[in-house]
Protein chains: 2
Amino acid sequence: MSFDTLFNWNDMPDLLEKYLPIWLNEKTVDKPSVANLNNEERERLKNLSFQDQGKDPNEILDIMSNDVYKKLWKIDHPRNMAFVPSPVSPLSSIVEICNSIFNPYAAGYENSEGTNILENKTIRFLAGALGYDEEQAGGFSTSGGSMANFSAFILARDQKLKQEDFAKARIYATDQAHSSIAKAARLLGFLPQQITKVDTDDDFKMIPADLRHKILADKENGFCPFLIVATAGTTNTGVVDPLSEIADIRDEFNLWLHVDGAYGASAALSSYRSILSGIERTDSVTWDAHKWLFQTLSCSFLIVRDGKLLHNSFHSSAEYLEAVEDDNATFAETNGWDISIEMTRPARTMKLWFTFQVAGMETIQKALDHGFESIVYLAKLFENKKDWRIVSEPHMSTLNVRFEPEGWSKEMTDAAQVYLCDENLKTGFATYITTKLLGDKVIRFCAPHPDLTKADLEKITIDLFERGAELKANPDLIYD
Amino acid sequence: MSFDTLFNWNDMPDLLEKYLPIWLNEKTVDKPSVANLNNEERERLKNLSFQDQGKDPNEILDIMSNDVYKKLWKIDHPRNMAFVPSPVSPLSSIVEICNSIFNPYAAGYENSEGTNILENKTIRFLAGALGYDEEQAGGFSTSGGSMANFSAFILARDQKLKQEDFAKARIYATDQAHSSIAKAARLLGFLPQQITKVDTDDDFKMIPADLRHKILADKENGFCPFLIVATAGTTNTGVVDPLSEIADIRDEFNLWLHVDGAYGASAALSSYRSILSGIERTDSVTWDAHKWLFQTLSCSFLIVRDGKLLHNSFHSSAEYLEAVEDDNATFAETNGWDISIEMTRPARTMKLWFTFQVAGMETIQKALDHGFESIVYLAKLFENKKDWRIVSEPHMSTLNVRFEPEGWSKEMTDAAQVYLCDENLKTGFATYITTKLLGDKVIRFCAPHPDLTKADLEKITIDLFERGAELKANPDLIYD
C-alpha cells in the first residue's frame, strides 16, 4: 500500500461490505461456543512476518476471518458459561465502530465535550443505581475490573494511610476475593502478609464478626488497618458479602470499604437489586459493563461515593495542559486526566450510554433477570440427580456442582470434574470449566446470557449426565 | 427495543449502511480540524435522560452523528498540531470494527490463541526495532503512555528497591518529563520530594553530569536512587535525552532506566532512527502507537528489555484460572494477566499488526519521515521572519515559536501567544496551542500527520503572520 492511500478512508466501505457479513455470520447461535487453532493454522500465523512491501488487505482479512477470529473461546456466545461471560449487544458494537472512526480524545473535556457530557451522565446514573447520591458521586471508566480495583486501592491508601505507616498497613479480604485484589496490593508495594484473610461462612460469604475480630487483633499488634475489600458477586460462587454489617465495621474503625462488583453490581439494574442491600453505604464499587451489562471489551467502572476525592489522588499538571485547563470547571466538567489514572483512553462509556438509550431500562432489567432465572432452572436440573451434588446454590447467575460417584477417592473425583469439562469443550456446544471450592474441584456454570434457553440448559445437562454415567461405568477414561 | 432484539445482530448492516457514509464524510480534509458544541446542542445532550422505554436507534445515532462526534478537537485531522496528534489509518479502524464484533478475550492465551500469537509477534518486532533482543524482550499493550510509564515504575521498584527503603527512594527526571511521570510516582505512594529534578541544557535535554552529581549527592544523604526516567521525544519540544550517556550512569549505580518514548519511539521505524541512539541499552520504553504509528485510541506499549521480569511483578493466581494455566507455557505463550497490570483488555495490538502487514514497513517509514520533514519546512517559514523567534528548533515533528514585537512586556508577549492561538482555533482550519518554555508562553506545533501538505503549512503561517501584524498594530485586541 502506498503512502498516499494509507490515510484514504474511501476503500473502507467496500472492505466492510465484503467482510461484515462474514464476521456477523460467526455470531449465529449454531456456531460453536469454543474453537481452537489447529496446528496448520497455528504455524501459518507464526510464520507471517512483517515485510517492506505491504500485502493485499483482502488476503490479510481472510486470514483474520478464517483463522484468528473464528478460533476463539467466544465469551459472548449464549452457551459460554466459563469465567464470567460477556454477553454483547450489537448496540455496543455499533458505538465502538463510531468511536474507531472519530477517535475522540475522551479524557479531555474541551476536546470532546459531547462524549464527556454523556459519559458523565452514564457514570452518575450507575452511581444512582447503586444508591449513591448522583450529584456527590464520581467515577471513571477503566479497561477492566483489575484496573478499577487497583484504582480503588490508590484512593483508599491516599485517604486512610500515611506514608510512614505503609509497612504496617493492613488490608482485609476473604479467599473468595478476585485475584486482582491480591495483585492490586502487590502492585502498590504491599507484601502478601499485609492482606489479612477474613473467614467465610458456609455460603462463602465474609463473616463480619471475624472481620471485626481481626481488625482489633491487628490494631493491638500495632498494624494500621485501612481498607476492607468486599465482593458483590464472587467469581467462584456469585455470592454477595454482607455489605451493611461490613459497613458498620468500616464506620467503627474509619476505614475505606471497597466493593468488587465487577460481576455482580449489574444486579442493581435488575429485579433482584435487594441482594446488594448495603452497597449504598460503601466507599467505592467496581462494576464491569463488559461482563453483565452487554458491552464489548473494555467497559468497566470505578464508582466512588464521594467524587471530589478523585482529584486529590489522580490530578495531572503540565505546561501544555494549561491551554485547556479551566479553573472554573465544575466537577462534572473536569478533565478525565485529573480524576483517573489514565490520560488517554477510548470513549468507553458511550456504548453503554447508547445501549441504555436504545434498549430502555425496562429491557435491560429483563435481560439481567434472565440470568438469575436461567441459573435457578439449571440448578433444578441437578436437584436429586444421582451422583451429582450442588456444591453452591444459585447466586447471581452462577452455580457449582460436583460429580461424586459413591466410593471414589477425592483425587479421582477431582480428576473427573476436569475430564467432564474437557470432554464437553471438545464438542464446542457449550463452554464451562472447573474451579475449586474448599479444596475440591467443582464444575462451575455462569449463565448470564439473555439468549441462553431452557432447551440449551437441558441439552447441556443431558450431555453431562450421559458423560458422567459413561465415566462411572469406565473410570479409566480419565487417564486415557 | 425488546429483549428479543437486544442481541440480534441482523439489523447492524442496515444501520451501518446508513451511518458509515455520514461518519466517513467527516473524515475529509476540508472539514474543520476543531469544532465545539453550541449552547443549544450542549443543553440537548445534558437533557437526554435514561428512560424505561427505549428510543429508535436512528434517533440516537442522528444525535451522535450531528452533535457528539462532529463537535470535537479532531486529533487525527491532518492540520491538528496540538498536544501530540494521532494520525489514524483506516487500516486501524477496520480491525477495531472486527474486534468489536468478535470481542476476543485477548489476555488469555488459550482463549484467543490467534490474537496472542500475532500480538506477541508485533510487540517483539517493536522491541527489535528499538534494538532490544527480540527473543529476550517482552512487553504488553496499555491504554496509553500514562499506564505504560506507570507500569515501568512498578517494574523498576520491584527490581531495584526494597520495601524498607521505600521512604528513602529517589527517582530522577527533568522538568521536561511528561506529567504522567510525576503522577506515576504519586500513584505508587512516593512523595513529590522523592523525584530529584535533573537540569536540562539549552536544548531542554537532560544533562548527564548533573544526573550523576545528583545521584551521588542523594546517596551521600542516605537516599536510595532506583529509577532514571529519560524521554525520547519530549512533549514540549520533541528532543531525545542523551540515552547512551544516561545508560552509562545507570550502569554505574545499578538503577532502572526507563524511557518515555510515547511520542518519539516511532522514530525507530523512520529514516531518522539514529536520533534514538542508545535506546537499545535502556531497561524499558513506553511507545504509543496511537500517537505516531497511525492507530486509533488506544494502542500503547511498554516494551521491556528483559521480558522475564514481567511475571515477577504482574502474575495473577486464582482457582478459576487453573483450568487454563499451562505449567509448560513458554514466555511467548504466557497469559496476558500474568505479565501486565490488566486482566481484561481489548486485543489492542491486532490493529497495529494489520497496519504493518497491509501498509508494509517501507510505507510506514515514509509516513513517519514526512513528519520530520514537515516540521523542518515549517521552521523555514519562520526563519528570519520579523517579530517571530524560533524558541526550539525542529525535533521529531515539533517546533516552538514565539511572537515577540520589540518593546512588548513579557506579560503582554505571553498573552499574545494565547490570543493568536485562540483566534486561529475559531477558524477551525488548523489546531495548535501554547506551551511554556523557560517560563515563557510559546506557540507549539506538532505536525506528524502524513497528509499535512506544504500548502497547509504555508496557509497556516500566512494566517498567523497576518494576525500577528494586526495585533502589533492594535495590541488592545488581546484584551477585547
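From a predicted model like this one, the values you see are computed outputs, not experimental measurements.

Q: Can you walk me through the sheet that holds strand E4 (residues 224-231) of chain A in this structure?
A: The strands making up a sheet associate through hydrogen bonds between their backbones, and the pairing can be parallel or antiparallel. Residue and element names in this part refer to chain A. Here 7 strands make up an open sheet; going across it, the order is E1-E7-E6-E5-E4-E2-E3 and the pairing mixed. The sheet terminates laterally at strand E1 (138-142) and strand E3 (195-198), the two strands that pair on one side only. With strand direction ignored, the average angle separating the axes of adjacent strands in the sheet is 20°. For strand E2 (residues 169-174) and E3, the ladder comprises 4 bridges, and the chain directions are parallel. Across the sheet, threonine 174 pairs through a bridge with valine 198, a residue of E3. Where helix H7 (residues 179-187) meets the sheet, its contacts fall on E2, E3, E4 and strand E5 (256-260), and the angle it forms with E3 comes to roughly 160°. Sitting on the sheet, helix H9 (residues 243-253) touches E4 and E5, and the angle it makes with E5 is about 155°.

Q: Is there a simple way to think about the pattern of salt bridges in this case?
A: Going through the model one piece at a time under the given rule, you end up with 66 salt bridges over all chains. Arginine 402 of chain B is the partner of glutamate 404 of chain B in a salt bridge, and the nearest nitrogen-oxygen pair spans 2.8 Å. Residues participating in the shared-partner salt-bridge network are Asp248, Arg250, Asp251, Arg281, Asp283 and Arg305 of chain A.

Q: I would appreciate a short explanation of the side chain of arginine 170 of chain B in the present structure.
A: All names here are of chain B. Take arginine 170: it is sitting in strand E2 (residues 169-174). Lacking a salt bridge, the buried arginine 170 has aspartate 218 as its closest oppositely charged neighbour, with an N-O distance of 4.5 Å. Polar side-chain contacts of arginine 170 include one of 3.5 Å to the backbone oxygen of glutamine 193. When sequence neighbours within four positions are dropped, the list of residues in contact with arginine 170 reads Gln193, Gln194, Thr196, Asp218, Phe223, Cys224, Pro225, Phe226 and Leu227.

Q: Would you mind showing me how to read the interface of chain A and chain B here?
A: One widely used convention gives an interface's size as the accessible area the parts lose upon coming together. Listed per partner, the contact involves 145 residues of chain A and 145 residues of chain B. Between chain A and chain B the total buried area reaches about 13,700 Å² when both faces are included, carbon and sulfur atoms providing 66% of it. Between glutamate 113 of chain B and arginine 42 of chain A there is a salt bridge; the shortest N-O distance is 2.5 Å. Summed over the shared surface of chain A and chain B, the result is 58 residue pairs in polar contact (both at pLDDT 80 or more). Tallying contributions element by element places helix H4 (residues 90-102) of chain A first for the side of chain A that touches chain B, with 12 residues. Here the side of chain A that touches chain B is composed, by residue class, of 72 nonpolar, 47 polar and 26 charged.

Q: Just checking my understanding: could you explain the pairing of strand E9 (residues 398-403) of chain B for this structure?
A: In regular strands, side chains alternate between the two faces of the sheet. Residues and elements named next belong to chain B. The element E9 is extensively covered by neighbouring structure, given that 6 of its 6 residues are classed as buried. Neither face of E9 is open: one carries Thr398, Asn400 and Arg402, the other Leu399, Val401 and Phe403, and all of them are buried. Sheet analysis places strand E8 (residues 388-395) next to E9, joined by 5 bridges and oriented antiparallel. Residue pairing across strands places tryptophan 388 opposite phenylalanine 403, the latter belonging to E9. A loop of 2 residues connects E8 with E9, the two strands running antiparallel in sequence, and methionine 396 in this loop sits at a positive phi of about 50°.

Q: Mind showing me how you'd approach the environment of histidine 77 of chain A here?
A: All names here are of chain A. Topologically, histidine 77 is positioned in the loop between helix H3 (57-68) and H4. Among the residues examined, histidine 77 registers a relative accessible area of 4% and is labelled buried. Each C-alpha atom of the pair histidine 77 and threonine 28 lies 8.7 Å from the other, and the pair is 49 residues apart in sequence. Ignoring sequence-local partners within four residues, the contact set of histidine 77 consists of Val29, Lys31, Pro32, Ser33 and His449.

Q: Is there a simple way to think about the packing of aromatic side chains in this case?
A: Each aromatic ring pair is characterised by the separation of its centres together with the angle its planes make. Counted by the stated rule, this structure contains 44 aromatic pairs over all chains. Pairwise contacts between aromatic rings join Phe382, Trp388, Phe403, Trp408, Tyr432, Phe445 and Phe465 of chain A into one cluster. In this structure, arginine 79 of chain B packs its charged tip against the face of phenylalanine 429 of chain B, placed 4.0 Å from the ring centre.

Q: Any chance you could explain the nonpolar core here in plain terms?
A: Within soluble globular proteins, side chains that are nonpolar generally end up buried alongside one another. In terms of nonpolar packing, the biggest core is built from 178 residues, with Trp23 of chain A together with Trp23 of chain B touching the most fellow members. The residues contacting tryptophan 23 of chain B, other than those within four sequence positions of it, are Ile94, Ile97, Cys98, Ile101 and Phe102 of chain A together with Leu16, Leu61 and Ser65 of chain B. Ranked by size, the runner-up nonpolar core spans 68 residues in total, among them Ala156 of chain A together with Ala152, Ala169 and Ala185 of chain B.

Q: Would you mind showing me how to read the relation of the copies chain A and chain B here?
A: Here the two chain copies are tied together by a rotation about an axis and a shift along that axis. Overlaying chain A with chain B gives an RMSD of 0.0 Å, the required rotation being 180° about an axis along which the chain moves by 0.0 Å. Overall, the copies show the geometry of a two-fold rotation axis. Counting the interface residues of chain A, we find that 100% of their copies in chain B are interface residues as well, pointing to one common contact surface.

Q: Even after reading the chapter, I still don't get the domain arrangement of chain A, so can you show me in this structure?
A: Considered domain by domain, chain A is made up of domain 1 (9-31 + 36-71), domain 2 (104-359) and domain 3 (362-479). Computed over C-alpha atoms, the centres of domain 1 of chain A and domain 3 of chain A are 34 Å apart.

Q: Honestly, the side chain of glutamate 342 of chain B in this entry has me stumped. Any pointers?
A: For glutamate 342 of chain B, the location among the structural elements is in the loop between helix H11 (309-314) and helix H12 (350-359). Here the side chain of glutamate 342 of chain B touches serine 143 of chain A through a polar contact of 2.5 Å, side chain to side chain. A distance of 2.8 Å separates polar atoms of two side chains, one belonging to glutamate 342 of chain B and the other to arginine 348 of chain B. Other than its neighbours up to four places away in sequence, glutamate 342 of chain B contacts Ser143, Ser146, Met147 and Lys183 of chain A together with Ser141, Thr142, Gly336, Trp337 and Arg348 of chain B.

Q: Help me out: how do you make sense of the environment of serine 270 of chain B in this one?
A: Residue and element names in this part refer to chain B. Checked against the element boundaries, serine 270 lands in the loop between strand E5 (256-260) and strand E6 (284-288). Along the sequence, serine 270 and isoleucine 364 sit 94 residues apart, while their C-alpha atoms lie 7.6 Å from each other. With residues near it in sequence (within four places) discarded, serine 270 still touches Gln365, Leu368, Asp369 and Phe372. Engagement of the side chain of serine 270 in a polar contact is seen with the backbone oxygen of alanine 267, the distance being 2.7 Å. Within the structure, serine 270 has its side chain in polar contact with the backbone nitrogen of tyrosine 272 (distance 2.9 Å).

Q: Where do I start with the environment of lysine 291 of chain A in this structure?
A: Residues and elements named next belong to chain A. Along the chain, lysine 291 turns up in helix H10 (residues 289-292). With relative accessibility at 15%, the residue lysine 291 sits in the buried group. Put simply, lysine 291 and proline 448 are 157 residues apart on the chain and 8.9 Å apart in space, counted from C-alpha to C-alpha. The residues contacting lysine 291, other than those within four sequence positions of it, are Val84, Pro85, Ser86, Pro87, Ala262 and Tyr263. Side-chain polar atoms of lysine 291 contact the side chain of aspartate 288, separated by 2.7 Å.

Q: Please clarify how the packing of H3 of chain A against H12 of chain B should be interpreted in this entry.
A: Helix-helix packing is described using two parameters, namely the angle between the two axes and the distance between the axes. Contact geometry of H3 of chain A with H12 of chain B gives a least axis separation of 9 Å together with a crossing angle of 145°. Here H3 of chain A and H12 of chain B pass one another in a crossing that is right-handed. Along its contact with H3 of chain A, which presents Pro57, Ile60, Leu61, Met64 and Val68 of chain A, the element H12 of chain B presents Met350, Trp353, Phe354, Gln357 and Val358 of chain B. Here the contact of H3 of chain A with H12 of chain B is composed, by residue class, of 9 nonpolar, 1 polar and no charged.

Q: Honestly, helix H14 (residues 410-427) of chain B in this entry has me stumped. Any pointers?
A: It helps to recall that an α-helix has 3.6 residues per turn; residues three or four apart then point in one direction. Residue and element names in this part refer to chain B. With 18 residues, H14 should reach 26 Å at 1.5 Å per residue; the first-to-last C-alpha distance of 27 Å fits that figure. Every buried residue belonging to H14 is among Met412, Thr413, Asp414, Ala416, Gln417, Tyr419, Leu420, Cys421, Asn424 and Leu425, and all of these are buried. Summarising the contacts, the buried residues of H14 are in contact with E8, E9, strand E10 (433-437), strand E11 (440-446) and helix H15 (454-473). Glycine 428 sits one or two positions beyond H14 and adopts a positive phi of about 75°.

Q: Mind showing me how you'd approach unusual backbone geometry here?
A: One can expect most non-glycine residues to show negative phi and most peptide bonds to be in trans. A cis amide bond links leucine 297 of chain A with the next residue in sequence, serine 298 of chain A, at an omega value of 0°. Mapped onto the elements, serine 298 of chain A comes out in the loop between H10 and strand E7 (300-304). Backbone geometry places phenylalanine 294 of chain A, a non-glycine residue, at a positive phi of 75°. Take phenylalanine 294 of chain A: it is sitting in the loop between H10 and E7. Positive phi, normally seen in glycine, also occurs at asparagine 103 of chain B, with a value near 55°. Along the chain, asparagine 103 of chain B turns up in the loop between helix H4 (90-102) and helix H5 (113-130).

Q: How should the sheet that holds strand E8 (residues 388-395) of chain A be read in this particular structure?
A: Residues and elements named next belong to chain A. The 4 strands lie next to each other as E8-E9-E11-E10, forming an open sheet whose pairing is antiparallel. Sheet topology places E8 and strand E10 (433-437) at the edges, where each strand pairs with a single neighbour. Looking at each pair of strands side by side, their axes are set apart by 35° on average, direction ignored. Strand direction decides the pairing type here: strand E9 (residues 398-403) and strand E11 (residues 440-446), joined by 4 bridges, are antiparallel. Residue pairing across strands places threonine 398 opposite cysteine 446, the latter belonging to E11.

Thresholds applied
- Residues numbered from 1 in each chain as written.
- Chains lettered and ligands numbered in written order.
- Predicted model: local features only at pLDDT ≥ 70, side-chain atom pairs only at ≥ 80, totals over all residues.
- Heavy atoms only, no water.
- Pairing = 2+ DSSP bridges.
- Helix = DSSP H or I, 4+ residues; strand = E, 2+ residues; numbered from the N terminus.
- Axes fitted to C-alpha atoms, helices over the stretch in contact; angles between N-to-C directions.
- Contact = heavy atoms within 4.5 Å.
- Salt bridge = Lys/Arg side-chain N within 4 Å of Asp/Glu carboxyl O.
- Buried < 20%, exposed > 50% of the residue type's maximum accessible area, 1.4 Å probe, protein only.
- Lys, Arg positive; Asp, Glu negative; His and termini not counted.
- Polar contact = N/O pair within 3.5 Å; in protein donor to acceptor, adjacent residues only side chain to side chain.
- Buried area = accessible area lost by both parts, 1.4 Å probe.
- Nonpolar A, V, L, I, M, F, W, Y, C, P; charged D, E, K, R; others polar.
- Phe/Tyr/Trp six-rings, centres within 6.5 Å; stacked < 30°, edge-to-face > 60°.
- Lys NZ or Arg CZ within 6 Å of the ring centre and 35° of its normal.
- Core = buried A, V, L, I, M, F, W, Y, C linked by side-chain atoms within 4.5 Å.
- Least-squares fit on C-alpha atoms with pLDDT ≥ 70 in both.
- Domains from an automatic or database assignment.
- Left-handed = near helix turned anticlockwise from the far one by under 90°.
- Expected span 1.5 Å × (residues − 1).

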